[in-house]
Amino acid sequence: MTNKRGTITRIALLCGLLVLFAGCGGGRGDDDEAGGTTAVAGTGGGDLSGRIQADGSSTVGPYTTAAAEKFQAEQPNVQVTVGVSGTGGGFERFCRGETDLSNASRPIKDEEATICTDAGIEAVEFQVANDALTVVVNKDNDWVDCLTTAQLKKIWEPGSKVKSWKEVDPSFPDEEMKLFGPGTDSGTFDYFTDEINGEEGASRSDYAASEDDNTTVTGVAGEKGGLGYFGFSYFEENQDTLKALEIDGGDGCVAPSVAAAQDGTYKPLSRPLFIYVKQESLARPEVEAFLRFLLENETSIAEASQFVPLTDEQLTKAKSDLDAATGA
Amino acid sequence: MTAGVEVRLHARRRRYGEDVVKVLLGVCALISVATTVGIVVALFLPAFEFFGEVSVVDFFTGTEWAPLFEPARFGVLPLISGTLLVTSIASLVAMPLGLGAAIYLSEYAGPRTRGFLKPALEVLAGIPTIVFGYFALTFMTPLLRDLGIQVDIFNTLSAGLVMGVMLMPIVASLSEDAMAAVPRDLRDGAYALGSTKLQVATRIVVPAAVSGIVASFVLAISRAIGETMIVLIAMGQQAKLTFDPRAAAEAMTAFIAATGAGDVPTGSIEYKTIFAVGATLFVLTLVMNVVAIRLVRKYREVYE
């Protein structure tokens, strides 16, 4: 008797556990903040409180984090968390209603906008900075200062077999080329492939792809024949170990710089950076206050986090967009 | 014993407390079994869905792995070769060094050296693997370059070497336990026949302890196959079918970790690749362990 009852109890427990595990297995994977999260908390002072969730582009992430740090100095009871799971990844979470802000290094795609609208989420777009997508090589690379977009395409197009610098230009040495770059979830990847290879997402795949731009920094800095690309701020932070290439988009070689990105002469790799805000969240005072703060202090935030600030014209437009969205 | 006292072998009342304890202990044993079953179910269901969309043959014979790119290619061989290569390098370091350390500790070291060396080995075993990862990237790779070996910044060689160092204490500690369990009589017998210390160590103790030594090797290999942090940081994330240890490659675990930390949409084919690779890894380790158990049984020497 005892044995039989024990057996039944054991079977029941086993079944229970199995159900539990099976249930856990299905749900995991999307709801945690992937790719690293920066949370800055404070205490005391300020009259606003609440929690603002941001995620998205790893290029824009440092900008939003810098804005959040400054904002929290004034409003310590507002907690802003900034995830960096890539522009595409950020929009996926945004359109599921998980985040208030979505950082983006490219405009929202039509199909992403449709998913958002279907989920009842209205997105308001703000341009917050400019960027010069920067192509970098090793500091010891003394044979190249400028590449044309055609040469970049030859290196990066799908199926490209370029293995040595000599194949790019016969005057270059026969040094093995080691490629590093962002992963497929990245807006930088989307933008670069669109501008250089002519089709978004079209790229050779046999390079070291990482969503973490610091891996690209480590890689290019460690390989004499290394080449990689990412947002301008990652270059500015690592000027000691990397060398930025000038890009010839048809009108001569232009180096990536604040001025060239602002006036658009750094072609075709200068681009706008965005923050998308959920209309519903904008009604919350702390979210509106954060955006107003961000636009008021745009230049100092951009400079502190080594981004290319907006031009006066762009800034005026962003501010009027915010007024329109909040009905002020 | 006074006459008249009845000795009962069965309790008059049911002891409910005893039943409770019995069930609780049973649950403890079952949790490990249930966890394994749960993991297998959670791992293989999405993996089966994956093989509904990608043919098994393509998966195991394809030589290109680029599941996140357009067009997606699902040949897992580059990941398997990455894992096997780094595991081989690690084993080549860990096994001889570990076995040597074990022989020294068990046969040669005096109590004072032992008292110092064993805890030192255990400290090595306690270093977090992420520390080993950065050690490989920022120390081992530059060192190899200084020695004139032309390695990539991310490369299999330094990941494997450092992993070998990490696994050495496991081999040393388990092998030493096995050697310590070899009966004293065997050694004395050999000495009585005029054997030298080296002969006793290599011809008596090691063969007698071989099943424990093999077990330690297998455990180390399993750890190497499953090791994630070192390969993620130092080996690179570039799936490439290559057996050149100086080049960057990607191990299965590194792919799973990097893709899992990124943001592939749940339910998509990219998401399911994680499980397909995980299932492959699981089967690989399982086969390893089954082979190992066979080996251990075959060579076991019983002294009682």
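Up top is the structure these notes are about.
What you see is a predicted model, and the numbers here were worked out from it, not measured in a lab.

Enquirer: How do you make sense of the overall build of chain A when you look at a structure like this?
Expert: For chain A, the count of helices and strands is 13 helices and 14 strands. The burial tally for chain A puts 44% of its 328 residues in the buried class. For chain A, the proportion of contacts with a sequence separation of at least 24, taken over those separated by at least 6, is 74%.

Enquirer: Looking at this structure, how should I read the overall build of chain B?
Expert: Along its length, chain B carries 12 helices and two strands. Secondary structure of chain B in N-to-C order comes out as α-α-β-β-α-α-α-α-α-α-α-α-α-α. What you see for chain B is a C-alpha radius of gyration of 25 Å, clearly larger than the 19 Å of a compact globule of 304 residues, by over 25%. With the C-alpha coordinates aligned to their principal axes, the bounding extent of chain B is approximately 90 × 65 × 35 Å. Evaluated residue by residue, chain B yields a buried proportion of 38% over its 304 residues.

Enquirer: What exactly am I supposed to notice about the sheet that holds strand S10 (residues 226-230) of chain A here?
Expert: The strands making up a sheet associate through hydrogen bonds between their backbones, and the pairing can be parallel or antiparallel. All names here are of chain A. One open sheet accounts for five strands, arranged S9-S8-S10-S6-S11; its pairing is mixed. With partners counted over all chains shown, the strands left at the sheet margins are strand S9 (208-209) and strand S11 (242-244), one partner each. Looking at chain direction, strand S6 (residues 134-138) and S11 are connected through three bridges and run antiparallel. In the sheet register, Asn138 faces S11, and the bridge partner there is Leu242. Contacts from helix H7 (residues 213-222) reach S6, strand S8 (178-181), S9, S10 and S11 within the one sheet, and its direction differs from that of S10 by about 155°.

Enquirer: Honestly, the sheet that holds strand S7 (residues 146-148) of chain A in this entry has me stumped. Any pointers?
Expert: All names here are of chain A. Read from one edge of the open sheet, three strands run S7-S12-S13, paired in mixed fashion. Strand pairing shows two members of the sheet lacking a second neighbour, S7 and strand S13 (253-254), which therefore form its edges. Across two bridges, strand S12 (residues 246-248) lies against S13 in antiparallel orientation. The residue of S13 that forms the bridge with Asp248 is Cys253. Helix H5 (residues 149-156) rests against S7 and S12 of the sheet, and its axis sits at about 80° to S7.

Enquirer: Which parts of the structure should I look at to understand helix H3 (residues 87-95) of chain A?
Expert: Working note: α-helix, 3.6 residues per turn, so residues spaced by three or four point in the same direction. All names here are of chain A. Of all nine residues that make up H3, nine are buried, and the element is covered over most of its length. Among the residues of H3, Thr87, Gly88, Gly89, Gly90, Phe91, Glu92, Arg93, Phe94 and Cys95 are the ones counted as buried. Elements that come into contact with the buried residues of H3 comprise strand S2 (50-56), strand S4 (101-104), helix H4 (110-118), helix H6 (187-197) and strand S14 (270-278). Two residues or fewer past H3, Gly97 is found with a positive phi of approximately 80°.

Enquirer: I would appreciate a short explanation of the environment of Arg114 of chain B in the present structure.
Expert: Residues and elements named next belong to chain B. With respect to the helices and strands, the residue Arg114 is situated in helix H4 (residues 111-125). Residue Arg114 is classed as partly exposed on the basis of its C-beta count, with 15 C-beta atoms lying within 10 Å. When the C-alpha positions of Arg114 and Glu18 are compared, they lie 45 Å apart, and in sequence the two are 96 residues distant.

Enquirer: Sorry if this is basic, but what is going on with the nonpolar core here?
Expert: It is characteristic of soluble globular proteins that their nonpolar side chains tend to be buried jointly. Residues and elements named next belong to chain B. In terms of nonpolar packing, the biggest core is built from 147 residues, with Ala136, Val162, Leu167, Val171, Ile230 and Met235 touching the most fellow members. The dominant element in this core, judged by the number of residues it contributes, is helix H6 (residues 156-180), at 14 residues. Non-local contacts of Val162, meaning those with residues more than four positions away in its chain, are made with Phe132, Phe135, Ala136, Met140 and Ile230.

Enquirer: What is the right way to read the packing of H6 of chain B against helix H9 (residues 210-226) of chain B from this model?
Expert: Each packed pair of helices is defined by two parameters, the angle between the axes and the distance between the axes. All names here are of chain B. For the pair H6 and H9, the least separation of the axes is 8 Å and the interaxial angle reads 155°. Considering their axes alone, H6 and H9 lie roughly antiparallel with respect to each other. By crossing handedness, the relation of H6 to H9 is classed as right-handed. The residues of H9 that touch H6, namely those facing Met163, Leu167, Ile170, Val171, Leu174, Ser175, Asp177 and Ala178, are Gly212, Ile213, Ala215, Ser216, Phe217, Leu219, Ala220, Arg223 and Ala224. A class-by-class count of the residues in the contact of H6 with H9 yields 12 nonpolar, three polar and two charged.

Enquirer: Teacher, can you tell me more about the environment of Thr81 of chain A here?
Expert: Tracing the backbone shows Thr81 of chain A in strand S3 (residues 78-83). Between the C-alpha atoms of Thr81 of chain A and Lys161 of chain A, which are 80 residues apart in sequence, the distance is 42 Å.

Enquirer: I'm lost on the pairing of S8 of chain A in this one. Help?
Expert: Two faces, one strand: in a regular strand the side chains alternate between the faces of the sheet. Residue and element names in this part refer to chain A. Residues of S8 alternate between two faces, with Lys178 and Phe180 on one and Leu179 and Gly181 on the opposite face, all of them buried. When S8 meets S10, the two strands line up parallel, connected through two bridges. Among the inter-strand pairings, Lys178 is bridged to a residue of S10, identified as Gly226. Relative to S9, S8 runs parallel, the two sharing two bridges. The residue of S9 that forms the bridge with Gly181 is Ala209. Between the parallel pair S8 and S9, the chain is carried across by H6, and the sense of this crossover is right-handed.

Enquirer: Sorry if this is basic, but what is going on with the pairing of S4 of chain A here?
Expert: Residue and element names in this part refer to chain A. Of the two faces of S4, both are covered, the one formed by Leu101 and Asn103 as well as the one formed by Ser102 and Ala104. Relative to S4, S2 runs parallel, the two being bridged by three bridges. When the sheet's bridge partners are listed, Asp55 is paired in S4 with Ser102. Here S4 runs beside S14; their pairing, made up of four bridges, is antiparallel. Residue Leu101 lies in a different strand from S14, and its bridge partner there is Val277.

Rules used in this analysis
- Residues numbered from 1 in each chain as written.
- Chains lettered and ligands numbered in written order.
- Predicted model: local features only at pLDDT ≥ 70, side-chain atom pairs only at ≥ 80, totals over all residues.
- Helix = DSSP H or I, 4+ residues; strand = E, 2+ residues; numbered from the N terminus.
- Buried ≥ 20, exposed ≤ 12 C-beta atoms within 10 Å, placed from the backbone.
- Contact = placed C-beta atoms within 7 Å.
- Rg over C-alpha atoms; globule rule 2.2 N^0.38 Å.
- Pairing = 2+ DSSP bridges.
- Axes fitted to C-alpha atoms, helices over the stretch in contact; angles between N-to-C directions.
- Core = buried A, V, L, I, M, F, W, Y, C linked by C-beta atoms within 7 Å.
- Parallel < 35°, antiparallel > 145°, perpendicular 65-115°, else oblique.
- Left-handed = near helix turned anticlockwise from the far one by under 90°.
- Nonpolar A, V, L, I, M, F, W, Y, C, P; charged D, E, K, R; others polar.
- Right-handed = clockwise from strand over helix to strand, strands pointing away.

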